Structures are given as C-alpha cells and as structure tokens.
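Spelled out from the first residue to the last, the chains are:
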Amino acid sequence: MVIKLLKGYMFFIIGLMLLYTLRHFYFTVQRLLGRQKLYYGDIITSRMKTISVLIPMHNEELVLRNALDALLECDYDRALMEIIPINDHSTDRTGEMLEEYHSKYDFIRPLHRHTGRRGKPSGLNDAMKIAKGEIIVVFDADYRPARNLLKQISLGFEDPHVGAVMGRVIPYNANKNMLTRLISLERSGGYQVDQQARYNLGAVPQYGGTVGGFRKDYLLETGGFRENILAEDTELTYRLFTNGWKVLYANSAECYEESPETWNIRGRQIRRWSRGHNQVLFHYFFPTLFSPYMTLIQKLDGIFLLFVYAVPMFTMVGWLVSMALFFLGEMNIMSGWWVILFLGVYDSFGNFAPFFEVGTSLVLDGTPKEATLLPLLMFNFFFYMWHISLGFFDAVADVVTGRTTVWDKTARAKRSKEAVK
Amino acid sequence: MTKKQIYYSRTYRKLRANRRQSLILFLVVVIPSLAAMILFMPEITQLFCRVAARVLGRAGVITVRRSMYNKLFRDIYYLASVAGLPSARMCLCNVGVCLAVMVLCMALPTRNRPVSIYLIFNAGIHLISSLWFLFAGWDFPYEAPDFSQLYLIQEVGIWVVFLVMTTAVTSILGTLGLGYKLLTVAAVMAYSWVFGLVRYIVFLYLLRRYTMLYMTVMYFTFGPMFDFLYLVMIYGWFVNRMVKLYESAKGKEEWEWS
C-alpha cells in the first residue's frame, strides 16, 4: 500500500512537470510566431489621468536618488502627477534626503511612517489615503523608469475595464556578477516571452507590484492591500481577475531594476516571494476556479500560476519519495522514464522561465552573448528548490497559526549613481 | 544588460510564422530517428555493452546479459558486472566525510550559494546510503547487474526524450538556420551516446572497484540531471548562432511586427 502511494506520487509529479513544460512551450511558440497583442500605446487623449507615484522605502539612502532623479526626467505633465516616497520606519538618511527633494519640488510629498506596521502593503495603504491621483503607480526604490514610462502606464487606464497595468523589468546591473547575469536571463524569459504570451492569449498577465499601476478607487473600495499577505502584487492580480477586471502587460514600458548581488539576499527574496505567493494560492484557489468573470483559459492559466511556487516543494518531496522507493527496491519505477521529472529542473520554479523560453527571449531581444550562460541555470535548481520550499512552509504556518507577517526588505548594493549610468 | 542593447522596435517583433515548415522539420527528424531507435535498440545496447566490456574486461570477467525491456523496444543488453559490499570501516569513513562536507557547507559564509546547497543535498544522499550499508548492508535490494540494467533503460529514456525535446525547441526558431538546427540535434544525440557510454563504463568500474556503496549517489547525483547540462549547453551555442543569424541583413527580413 505504501509503495503504491509512493509510486502514485511519482506519477503525479512527473505528470505535473510535463504539464508545466507543455505550458511553457506553448507560450514560447505563441510569443515567437503568433500574433502579438499590442499595448494601448497608440491612444491619444486630450486629458491624461492624474497619477500618484508611490515608492515604498525602508533605509534606501543608497538608491533613492536614482529612482527620484529618473522620475524627474519623465515626460509626464507635472501638474497631473505627484510623487509620494514612503519613508517606512527608516533609520538611515532616507527621511532627511526625501525632505531635501521636497524642498526643491512641490510635487514630491514624502510620507514619513514611524508608527504602525512596517512593510510594503501597510505603507501603500497609508499612502493611498493621502494620494490625489486617480491612478497609483508603484516603483521599488531601486527602480529607474524610462522617460516615457509613466505616460505608457497611464494610457492603459483609458480603458474603463482595466484595473492594473504592468511594465517590463530589466536589470541594469546584469554585468555585475554571475548571479545578476542569471537573474537577467530569468527576467528576460519571464517578461519578453512569458508575460507577453499570456497577454497575447488573453490569459493572466501578472501585476508585479512595481513598474505598474492600478486604480486607486477600486483598491480603497475593496479595503486596500491585505497587510498580512507578502505578495500584495499577486493578490491584487487575482482580486482584479476574479472580479471581472483586466490586467494589461505593456512590454514596451521598460524599467530598470537593481537585481540582488549576493546569494544570501537572493535566497531571502525568493523565500519571501514564495511565502507571499503561496498565501495567495491558499486564498484564491477556489475563487479563481469558480469566478463567473474569468474565461476558461484565464482559469486554467490562473491555476497554473497560483501553483508555481508550490511546485518546487512538490519536487523536493518527489526527490525524497524517489529515494524511499530506491531503498525499498522499487527503483525501476517507470522503467527509467523518470528522466521526464528532470524536465522540471528548468521549468516551473516560481516565475522563472525554462531554458527554451529564455533562449527564445534572447533571440527576440537580439542578445547573443548571454546564451552561453544558459546551462548555469541548472545550478539554481537546488537553490530555488530549497528557498521556495521554505517559503511554502512559511505560508502554511501563516495560515495555521494566523501569525503576523514581517516584511523582509531586500538589501541594496552600494554603488554611486555615476558608476551605473 | 543596459538599455542600449534592447531597442524599442524589438518589443513586439516576432518571426515570420511558418508553422508547417517547423512541423515538417520536427517530423522529418524525429520519426526516422525514433523508428531507427525502435528497430535497432537491441543492437544499439549490444554495441554499448561490447565497447564497455572491452574496456572493463581488462580488469576482470564481464558477461553480457539480455532481458525483455518492453514491447516497443523489445530486448536490451546490459553488462553483468560484479560489486561487493563495503566494509564497516569504509562505511564509517564515508559517513564521516559526508558529515564533514555538510557541516562545512552549512558553517561557511557561502552556505547560501547554489554549490553549497547542491553539496549538502548530495552529501545527504550519500550519508543515507552509507548509513544503510553500515547497519543493513545485507538488506540492500540491488546487485550490480540490476543497476547496470536500469542504467541502460534510463539511457533509452534519455535518448528518446532528448531527441523529441531538442528537435522541438530548435525547429520552432523560424525558417533560417536549418544547418544549425540539424547540427544541434545531432550534437545532442552524439554527446548523449558518448557521454552515456563513458559514464556507464566509469560507473561499472567504480562499483566493482569501490563496492556498491556508491550506487545511490551515482543514480541520484550523476544521473539524468547531468545530461540536461550538456543539452542546454549545446542549445545555448545554438541560440547564440541563431541570434547572430537573425541580426544579420538576411535575418532581419524574417522579422514581423503585428
């Protein structure tokens, strides 16, 4: 009986890996050869929407100038915009530096938070209460928007059915070290192919919490961000879709981020993403399944997307199960066809794209040099499996104990503005 | 990657679609290759065994066995090598080494690096194996021929999956670069055969020389995951060539914006 159960689990995990591989392959073919759904960049309007740019900051003295200076260079009408940097319990010079900007520019209005709960969802909720714009645009403090980014994001909201817009993230420190190079590859596959294909297919493009915007009124009417959920972006994506709103992906709206430069920071970041994403899985599995507003393809893709941070945990259990079967004398399970399990090595880990999706994105972007780094993605297998699984168990503990979550901020690398220009 | 490397016009570009040509290429490569594998699998594995036996035979007697695999591939041949049980001292040494590796990897500041996590996982696998042989070696459910047979069955799985997968991911990349596509499939298959054979010889040699203690780690650590490494390596070279091809004057004509 036990052996049958263990074998059954192995069939399940191999089937799951195969499904995710086919899903990614379909996305790849669609993006490479299919009809592309353009973003709303051609819309001309006589009155752009008012926007509030929110930038959560906790001890961001090293990077905040880059983000604010890049925003100041944006071509959005300043009469229609305000920038609210959220100084969230900072203990460094963040608050002081923000006040310097405020003294020079009226429309930069810092929000200093020294009481209440720390964390991005809480900070955004407080900032939305004082924001004047119809549309909230969010950036992390290490991001540098391209000049026309705000215009592009804002245009999408001319469609009254659009609840959120997401742009493309590109690491600017890709050449720093091996880790940043690998992250750059993953980002490339994840946005240029995966997000665009999902947008093309009318599936579930994801609002990513930064380099994107959403309607302020809708968020406030539905109670703001849930402060205990660490992936407030994914939660918003599912809240919108399950209530009949659209999320757009703007591949041309590029923004440049600072990727984590050490494995410790990356591990913590991945674990937090996994924890938050799995919290959303537990909340939105049934609403997604039974939403009257979502199409079949949206439900299907939505369910696949909900499970992306649970699959590595399933794989780790599969690894243990295969070891148990080995010592029970059952290693001939599926007569060696368990090689298919390893298709999953490059697939379905979090939001990370498999090798052929990354390869295709490099062809689309026209960047040949990075292709030779593709095999190194393999070494992320155990790294992601471990950290994502830890995040999964964190999320389970959150649900079981009802404990309060604490936001674990991604640490920044120190470098001068001139050095990265 | 800096902004200069990604131009605005590339945002929505796609390759001129010729799905029929891609499908034909896929079928033309996969069907005959698969048919050849199905028809000649007994002979292929027999050849494998002959070469391996010739290399290994110098160090002892090796016999070739035949067994029914399944209805599709019929029989496969495998080498019936011998391997003994490890001594308690050897097991203890291995337990010590595994523990040392695990503790060291966990104690160093680099413990969060992929290579450390990889070493911890695999040292853990070998630790379990070493403890098994220390306390219940007599109950280990396999002999060397079982492992040898499974290895070749697994190789058959790798060859089929890699053939289909490599052809699929290369054939979709537009209408240009047919030579690169065929070369990539051929290189992956050739490498998997040569690498598979060399690894088979090494595994059987190690089993015979250093006992069955290392069977578990061979199976889990140096198994199919390593095969994916060279597949992606060759695919990476292929992508590099294709990017350059589609950025050339001829290749630029293949792009469309829809």
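Being a predicted model, the structure only gives us computed values, none of them experimental. As a convention, each chain's residues are numbered from 1 in the sequence order in which they are written. Key to labels: chains lettered from A, ligands numbered from 1, both in the order written. The predicted origin of the model limits local features to residues at a pLDDT of at least 70 and limits the giving and counting of side-chain atom pairs to 80 or more, whereas totals for whole chains, interfaces and linings rest on all residues.

Looking at the overall build of chain B
Then, number 1: Along the backbone of chain B there are 8 helices and 4 strands.
Then, number 2: A run of H or I in DSSP counts as a helix once it spans at least four residues, and a run of E counts as a strand once it spans at least two, with each numbered from the N terminus. Secondary structure elements in chain B, listed N-terminal to C-terminal, are β-α-β-β-α-α-α-α-α-α-α-β.
Then, number 3: Within these notes, the globule rule equals 2.2 Å times the number of residues to the 0.38 power, and the radius of gyration is based on C-alpha atoms. Its C-alpha atoms give chain B a radius of gyration of 23 Å, more than 25% over the compact-globule value 18 Å for 258 residues.
Then, number 4: The principal-axis extents of the C-alpha atoms in chain B amount to approximately 70 × 55 × 30 Å.
Then, number 5: Field definition: a residue is buried when 20 or more other C-beta atoms are found within 10 Å of its C-beta, exposed when 12 or fewer are, and partly exposed for counts in between, with C-beta atoms placed from the backbone. Across the 258 residues of chain B, 37% fall into the buried class.
Then, number 6: The long-range share in chain B, meaning contacts at least 24 apart out of those at least 6 apart in sequence, stands at 79%. C-beta atoms are first placed from the backbone for all residues, and any pair lying within 7 Å is then listed as a contact.

Points about the overall build of chain A
Then, number 1: Regarding its fold elements, chain A presents 14 helices and 8 strands.
Then, number 2: Over its C-alpha atoms chain A spans a radius of gyration of 22 Å, differing by no more than 12% from the 22 Å that the globule rule assigns to 421 residues.
Then, number 3: Reported as C-alpha extents along the three principal axes, the dimensions of chain A are approximately 75 × 45 × 45 Å.
Then, number 4: Taking all 421 residues of chain A together, the buried fraction comes to 56%.
Then, number 5: Pairs at least 24 residues apart make up 85% of the contacts formed inside chain A by residues separated by at least 6 positions.

Some remarks on the environment of L155 of chain A
All names here are of chain A.
Then, number 1: You can see L155 is positioned in helix α5 (residues 149-155).
Then, number 2: For L155, a count of 23 C-beta atoms within 10 Å puts it in the buried group.
Then, number 3: Separated by 23 residues in sequence, L155 and K132 place their C-alpha atoms 18 Å apart.
Then, number 4: In this structure, L155 is in contact with Y40, G41 and I43, ignoring residues within four places of it in sequence.

Focus on the domain arrangement of chain B
Residue and element names in this part refer to chain B.
Then, number 1: For the purposes of this description, domain bounds are those given by an automatic or database domain assignment. Along its sequence, chain B is carved into domain 1 (14-83 + 143-252) and domain 2 (86-139).
Then, number 2: Its C-alpha centre places domain 1 at a distance of 30 Å from the equivalent point of domain 2.
Then, number 3: Contacts between domain 1 and domain 2 engage 6 residues on the former and 10 residues on the latter.

Observations regarding the nonpolar core
Then, number 1: To count as a nonpolar core, a set of buried Ala, Val, Leu, Ile, Met, Phe, Trp, Tyr and Cys residues must be joined through C-beta atoms within 7 Å. Of all hydrophobic cores here, the largest spans 177 residues; its most connected members are V53, L54 and A67 of chain A together with I76, L207 and Y235 of chain B.
Then, number 2: Two domains each provide a minimum of three residues to this core, namely domain 1 (14-83 + 143-252) and domain 2 (86-139) of chain B.
Then, number 3: Setting aside residues up to four positions removed in sequence, A67 of chain A forms contacts with I55, F139, A141, D142, Y143 and R144 of chain A.

Considering unusual backbone geometry
Then, number 1: A positive phi angle, close to 60°, is found at H89 of chain A, a residue other than glycine.
Then, number 2: Within the secondary structure layout, H89 of chain A lies in the loop between β2 (81-88) and α3 (94-104).
Then, number 3: The exposure class assigned to H89 of chain A is buried, which follows from the 21 C-beta atoms found within 10 Å.
Then, number 4: Even without a glycine there, the phi angle at T211 of chain B is positive, about 75°.
Then, number 5: Take T211 of chain B: it is sitting in the loop between α5 (178-210) and α6 (215-220).

A short note on the sheet that holds strand β4 (residues 135-138) of chain A
In any sheet, the strands associate via hydrogen bonds between backbone groups, in a parallel or an antiparallel arrangement.
Residue and element names in this part refer to chain A.
Then, number 1: An order of β3-β2-β1-β4-β7-β6-β8-β5 is seen for the 8 strands of this open sheet, with the pairing classed as mixed. Of all strands in the sheet, those bounded by a partner on one side alone are β3 (111-113) and β5 (144-145).
Then, number 2: Looking at chain direction, β5 and strand β8 (residues 246-257) are connected through 2 bridges and run antiparallel. Among the inter-strand pairings, R144 is bridged to a residue of β8, identified as Y256.
Then, number 3: Each of β1 (51-57), β2 and β3 is contacted by α3, which is oriented at about 160° to β2, the strand it contacts most. What makes two strands pair is DSSP finding at least two bridges between them. With axes taken as lines fitted to C-alpha atoms, and helix axes fitted only over the stretch in contact, angles between N-to-C directions fall between 0 and 180 degrees.

Concerning the interface of chain B and chain A
Then, number 1: At the interface, 56 residues of chain B touch 53 residues of chain A.
Then, number 2: Ranked by residues supplied to the side of chain B that touches chain A, first place goes to helix α7 (residues 224-247) of chain B with 15 residues.
Then, number 3: Residue type decides the class: Asp, Glu, Lys and Arg count as charged, Ala, Val, Leu, Ile, Met, Phe, Trp, Tyr, Cys and Pro as nonpolar, and the leftover types, Gly among them, as polar. Its residues assigned to classes, the side of chain B that touches chain A shows 37 nonpolar, 11 polar and 8 charged.

Comments concerning the confidence of the model for chain A
Residues and elements named next belong to chain A.
Then, number 1: For chain A, per-residue confidence averages 88 on the pLDDT scale, and residues scoring 70 or more make up 92% of the total.
Then, number 2: The pLDDT score gives, residue by residue, the confidence of the prediction method on a 0 to 100 scale. Per-residue pLDDT, averaged within each element of chain A, yields its smallest value for helix α14 (residues 417-420) (41) and its largest for helix α10 (residues 296-306) (96).
Then, number 3: Scored below 50 in pLDDT, residues 416-421 shows 5 contacts in the model against residues more than four places distant or in partner chains.

Describing helix α1 (residues 19-57) of chain B
All names here are of chain B.
Then, number 1: At F40, α1 shows its largest bend, some 75°, and a proline, P42, comes one to four positions later.
Then, number 2: Residues S22, L25, V29, M41, I44, T45, F48, C49, A52, A53 and L56 constitute the buried set of α1.
Then, number 3: In this structure, the buried side of α1 is in contact with β2 (63-70), β3 (74-80), α4 (144-171) and α5. Throughout, the bend at a residue refers to the angle made by two axes, fitted to the seven residues ending there and to the seven starting there.

Description of the confidence of the model for chain B
Then, number 1: Considering every residue of chain B, the mean pLDDT works out to 88; 95% of them sit at 70 or more.
Then, number 2: Quick note on the complex model: pTM equals 0.90, ipTM equals 0.89.

What to know about α4 of chain B
Then, number 1: Expected span of a helix, by definition, is 1.5 Å for each gap between consecutive residues, and there is one gap fewer than residues. For α4 of chain B, which comprises 28 residues, the first-to-last C-alpha distance of 40 Å matches the rise-based estimate of 40 Å (1.5 Å per residue) to within 8%.
Then, number 2: The buried fraction of α4 of chain B amounts to 21 of the 28 residues, a majority that puts the element mostly inside the structure.

Looking at the pairing of β1 of chain A
Residue and element names in this part refer to chain A.
Then, number 1: Most of β1 sits inside the fold, with 7 of its 7 residues counted as buried.
Then, number 2: Neither face of β1 is left uncovered, since the one carrying I51, V53, I55 and M57 and the one carrying S52, L54 and P56 both have all their residues buried.
Then, number 3: In this sheet, β2 lies alongside β1 in parallel orientation, the contact comprising 7 bridges. The partner of I55 across the bridge, within β2, is P85.
Then, number 4: As defined by bridge partners, β1 adjoins β4 across 4 bridges and the pair is classed as parallel. Paired with S52 across the bridge in β4 is I136.

Focus: the packing of helix α9 (residues 263-290) of chain A against helix α13 (residues 380-401) of chain A
Residues and elements named next belong to chain A.
Then, number 1: One can describe the packing of α9 onto α13 by two numbers: an axis separation of 7 Å at closest approach and a directional angle of 45°. On the basis of their axis angle, the class for α9 and α13 is oblique. Both α9 and α13 take part in a crossing whose hand is right-handed. Where α9 approaches α13, its residues G267, I270, R271, R272, W273, S274, R275, N278, Q279 and F282 are matched on the opposing element by Y384, H387, I388, L390, G391, F392, D394, A395, D398 and V399. Between 65 and 115 degrees an angle is taken as roughly perpendicular, under 35 as roughly parallel, over 145 as roughly antiparallel, and anywhere else as oblique. Should the near helix be turned counterclockwise from the far one by less than a right angle, the crossing is left-handed, whereas a clockwise turn marks it as right-handed.

Digging into the packing of helix α1 (residues 2-33) of chain A against helix α6 (residues 178-200) of chain A
Any two packed helices are characterised by how steeply their axes cross, that is the angle between the axes, and by the distance between the axes.
Residue and element names in this part refer to chain A.
Then, number 1: Relative to each other, α1 and α6 sit at 80°, their axes nearing to 9 Å. In terms of orientation, α1 lies roughly perpendicular with respect to α6. Facing F27, T28, Q30 and R31 of α1, the residues of α6 in contact are V193, D194, Q196, A197, R198 and N200.
Then, number 2: Grouping the constituent residues of the contact of α1 with α6 by class yields 3 nonpolar, 4 polar and 3 charged.

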